Amino acid sequence: MAKDIEKKIEALRDQIRHHEYRYFVLDDPEIGDAEFDRLMSQLKALEAEHPTLITPDSPTQRVGGKPREGIVKAAHSSPMLSLDNTYNVDDLRNWERRVHELSGREDIDYVCELKLDGMSLALHYEDGRLVRGITRGDGTIGEDVTLNVRTVRSIPLSVPKEKLKKAGIPANFEVRGEMLMPLAAFRKMNEDREEKGLSLFANPRNATAGTVRQLEPSIVAQRRLDYFSYMLLQNGRTFFDRHWDSLNALDAAGFKVNSSRKLAKNFEQVWTFIEQQETKREKLPYEIDGIVVKVDRTALQDELGYTGKAPRWAIAYKYAARAGITQIEGVLWQVGRTGKVTPVAMLKPVPIGGTTVSRATLHNMDEIERLGAKIGDWVEVERGGDVIPKVTRVVEDKDHPRGHKLFHMPEKCPVCGTRVVRTEGEVDYRCVNANCPAKLRETILHFASRGVMNIDGMGEALVNQLSDRGLVKNVADIYKVTKADLLSLERMGDKSAQNVLDEIEASKRLPLERVIYGLGIRFVGERTAQFLAEHFGSIDALMHASEEQLQQVKEVGPRIAQSIEEFFREKKNRELVEGLRASGLTFTGTKKERGTQLADKTFVLTGTLTRPRDQVKKMIEDAGGRVSGSVSKKTDYVVAGSDAGSKLDKAKELGVSVIGEKDLDGLLGG
Ligand code: IVH
């Protein structure tokens, strides 16, 4: 019997691992999210019933353990080196010539790989199981970030023995590779941070490093990092004869290896690969900053050796920074969802990295001051991982004379004409009109976007038309849009109209946290919305929560609590919620992170307990129970310590069960 359960659990795990692999490593899922979630809940339920059968490499155990209390250092098996850079074809050819000269060989194969722009990280596997993840650090000693690494779904927690054997990899091995944050995750994270008034990460690389070094693994798990492997070691040394074979072995063992790679037979093939990848760069879902060229044969690598910190057998070819110089012709004041007014420089169009750039953000007035920028100035504009290009500096020389016109924040909102104000202590200026059409448009766009209500097809063009014609005046109106409404718009055929309606219909089934996130409450990002949904379990409970109750939610402080309370105090917003309710959106969820052993049971604590009262209260609440201050007929249990007084008497009088702390532990299953 026990064996049967064990088998069943292990089979389920294998199934889940397979689908994680299809989704996170191959980007080619075989089943939908709902089906995947179903398998996962099945496993969780079985493991909850049989906790002794839980293993550290179970897919349910990615986020686990306590947050790190501080930084723990760990030594590398052999130095993690960096690479020398080249920036043009001549330097690259010189490097290649030197490789020939030093080795005295004619035919040399090279492996070309993308130079991924993240942070390098070593993974140690013992007996096929992931035991440690270490950041590069100074190359000799890094930081142990194992708990965070475990949350990254493209990193296997274990690799089956047979698979390793087939791939020719020993049971104890080390993988080195690049951890990165895909652009979509990076943008989302910054949007969330902006909403919460937190400082933004400058690029995905910094965001990756910041995330990997986080002390709290559950935060890392939310950030959707990805990991590509590019090196396989045993005891700090490569053990395949060819680097190309080691990449294929990693691939076969289930690690994510970038498929854009090439075994080049000569310099011409290397250069062709570099040129080809530069044109594809724009379309990648993550950032690369060049190509790494490595000598394929390990024996030859050993012969060539190292200079200082970099190998002679490999080199990075860096693509030109995606920046250009152009002139600021004017300014546009953009009003966002929160009413924030952002200065956007209108530029003389300039080609940068394959696209023509004619606008760049200047962020805020403080930034304009820091740059010392004026209208008419020539500026350097950079396109990074962010969607919007940014002005990085003012250029001044004889060919680029200075501009003269200063930037002035308008006193009135450029969209609705209402006052624009700057709150004490804040950098940003905001339009104070709650019904500003610009806010409306942005609110609807946010609501419909990916990761919120996922209404594909409801982009800027459609939202502009719907709001201009007064068809959609708030997010609840989205659900009242008819096919006739859509067909009356420009560029909308029967098929697209039906698609939009189908998308709208499908969004009604999205879970509670998406709806909360979609409401666009200031400071409530994706993560906070999730905590709120888990804590309250319904919009109604959230809507009626006091600031005090709101502050009991994980990571919700006074500022967020106040913002939520203010949002629901507004009549218009309550009407909006009712509108959404009438359309049948998901208004309830399941309270999570709480056990169910004591679900709906009310407790009263009395007398002197052996543990602090707060602790006992928390234990009960974590198990789904409630603690009340006074005994009534509705009380399920009175937990009595020593010297219990009147509450104990009352319990006896009402016939309420009186239990001791030991009995409580029993109820909690401990
Ligand atoms: S090989 C000795 N391969 O670039 C070999 N590195 O400047 C060292 N990187 O620290 C690394 N993509 O973080 C290698 N395909 C790739 C890479 C790569 C990105 C990063 C890595 C390294 C830095 C070197």
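Because the structure is predicted, anything quoted here is derived from the model rather than measured.

What counts, and where the lines are drawn
Residues numbered from 1 in each chain as written. Predicted model: local features only at pLDDT ≥ 70, side-chain atom pairs only at ≥ 80, totals over all residues. Heavy atoms only, no water. Helix = DSSP H or I, 4+ residues; strand = E, 2+ residues; numbered from the N terminus. Buried < 20%, exposed > 50% of the residue type's maximum accessible area, 1.4 Å probe, protein only. Contact = heavy atoms within 4.5 Å. Areas by Shrake-Rupley, 256 points an atom, 1.4 Å probe, with all protein chains shown as cover. Lys, Arg positive; Asp, Glu negative; His and termini not counted. Charge placed at Lys NZ, Arg CZ, Asp CG, Glu CD. Near = heavy atom within 4 Å. Polar contact = N/O pair within 3.5 Å; in protein donor to acceptor, adjacent residues only side chain to side chain. Nonpolar A, V, L, I, M, F, W, Y, C, P; charged D, E, K, R; others polar. Core = buried A, V, L, I, M, F, W, Y, C linked by side-chain atoms within 4.5 Å. Pairing = 2+ DSSP bridges. Axes fitted to C-alpha atoms, helices over the stretch in contact; angles between N-to-C directions. Phe/Tyr/Trp six-rings, centres within 6.5 Å; stacked < 30°, edge-to-face > 60°. Lys NZ or Arg CZ within 6 Å of the ring centre and 35° of its normal. 1 Å grid on protein atoms, 1.4 Å probe; cavity = no way out; pocket = protein on both sides within 12 Å on 5 of 7 lines; lining within 4 Å. Points joined across faces, edges and corners; volume = space filled by probe spheres on them.

**Q** Give me the lowdown on the overall build of the chain, citing residues and values where you can.
**A** Regarding its fold elements, the chain presents 25 helices and 24 strands. Seen through its principal axes, the chain has C-alpha atoms that stretch 100 × 70 × 50 Å. Buried residues in the chain amount to 48% of all 670 residues. For the chain, long-range pairs separated by at least 24 residues make up 67% of all intrachain contacts whose partners lie at least 6 apart in sequence. Carbon and sulfur atoms form 49% of the exposed surface of the chain, whose accessible area is close to 33,600 Å². Computed over 102 positive and 101 negative side-chain charges, the separation of the two mean positions in the chain equals 2 Å.

**Q** Help me get a handle on the site of the ligand, residues and values and all.
**A** In the region of the ligand, 14 residues are neighbours, and Glu-113, Leu-114, Leu-116, Glu-178 and Lys-294 sit closest. Measuring from a nitrogen atom of the ligand, one finds a side-chain N or O atom of Glu-113 at 2.8 Å. Note that a nitrogen atom of the ligand is positioned 3.1 Å from one of the backbone N or O atoms of Leu-116. For the ligand, whose accessible area on its own is 520 Å², the fraction buried by protein is 90%. Counting residues per element, the ones that place at least two in the shell around the ligand are β3 (110-116), β8 (226-233) and β10 (288-295). For the shell around the ligand, the element with the highest residue contribution is β3, accounting for four residues. Considering only residue class, the shell around the ligand consists of eight nonpolar, two polar and four charged.

**Q** Which residues make up the nonpolar core, and what values do they have?
**A** Membership of the largest hydrophobic core comes to 55 residues, with the highest contact counts inside it found for Met-458, Ile-478 and Leu-532. Sorting the residues of this core by element identifies α13 (437-448), α14 (460-468), α16 (494-507), α17 (512-518), α18 (526-536), α19 (539-543), α21 (558-569) and α22 (571-582) as the ones contributing at least two each. Discounting residues that sit within four places of it in the chain, Ile-478 has contacts with Ile-444, Phe-447, Ile-455, Met-458, Val-472 and Ile-504. Judged by nonpolar contacts, the second largest core, of 37 residues, contains Ile-155, Val-159, Val-175 and Phe-186.

**Q** Before we move on, could you go through the sheet that holds β8 and cite the residues and values that matter?
**A** The strand order β5-β4-β7-β8 describes an open sheet built from four strands, whose pairing is antiparallel. Each of the sheet's edge strands pairs with one partner strand only, and the pair in question is β5 (129-135) and β8. The sheet shows a mean angle of 30° between the axes of neighbouring strands, direction not considered. The pairing of strand β7 (residues 173-180) with β8 spans seven bridges and is antiparallel. Across the sheet, Leu-180 pairs through a bridge with Asp-226, a residue of β8. Its contacts with the sheet place helix α9 (residues 243-252) against β7 and β8, and it is angled at close to 130° to β8.

**Q** Tell me about the packing of aromatic side chains, and name the residues and values.
**A** Centre distance and the angle of the planes are the two values used to describe a pair of aromatic rings. The full count for this structure, using the stated rule, is 12 aromatic pairs. The interplanar angle of 85° and the centroid separation of 6.3 Å between the aromatic rings of Phe-447 and Tyr-479 together place this pair among those described as edge-to-face. With Phe-447 in helix α13 and Tyr-479 in the loop between α14 and α15 (483-487), the pair connects residues that are 32 residues apart, well separated along the chain. Here the two residues Phe-447 and Tyr-479 agree in accessibility, since each one is buried. By way of ring pairs, the aromatic residues Tyr-125, Phe-173 and Phe-255 are connected into one cluster. The aromatic ring of Phe-523 is capped on one face by Arg-559, whose charged end is 4.0 Å from the ring centroid.

**Q** Explain the pairing of strand β16 (residues 355-361) residue by residue, including any values.
**A** Inspection of the sheet shows strand β15 (residues 340-352) paired to β16 by six bridges, in the antiparallel sense. Looking at the pairing, Ala-345 lines up with Ala-360 of β16. Linkage of β15 to β16, two consecutive antiparallel strands, is achieved through a turn of two residues, within which Gly-353 is found at a positive phi near 50°.

**Q** Which residues make up the layout of surface pockets, and what are the values?
**A** Approximately 1,300 Å³ is the volume attributed to the second largest pocket. Only β20 (429-431), α13, α14, α21 and α22 provide two or more residues apiece to the lining of the second largest pocket. Class assignment for the residues of the lining of the second largest pocket results in 14 nonpolar, 12 polar and 14 charged.

**Q** Tell me about the pairing of β10, and please be specific about residues and values.
**A** Counting buried positions over the eight residues of β10 gives eight, a clear majority of the element. Two elements, β10 and strand β13 (residues 314-318), share five bridges in a ladder whose sense is antiparallel. Bridging across to β13, Ile-291 finds its partner in Tyr-317.

**Q** Could you give an account of the environment of Gly-457, naming the residues involved and the relevant values?
**A** Its location among the elements puts Gly-457 in the loop between α13 and α14. Once the C-alpha coordinates of Gly-457 and Leu-501 are considered, the two residues, 44 residues apart in sequence, prove to be 9.7 Å apart.

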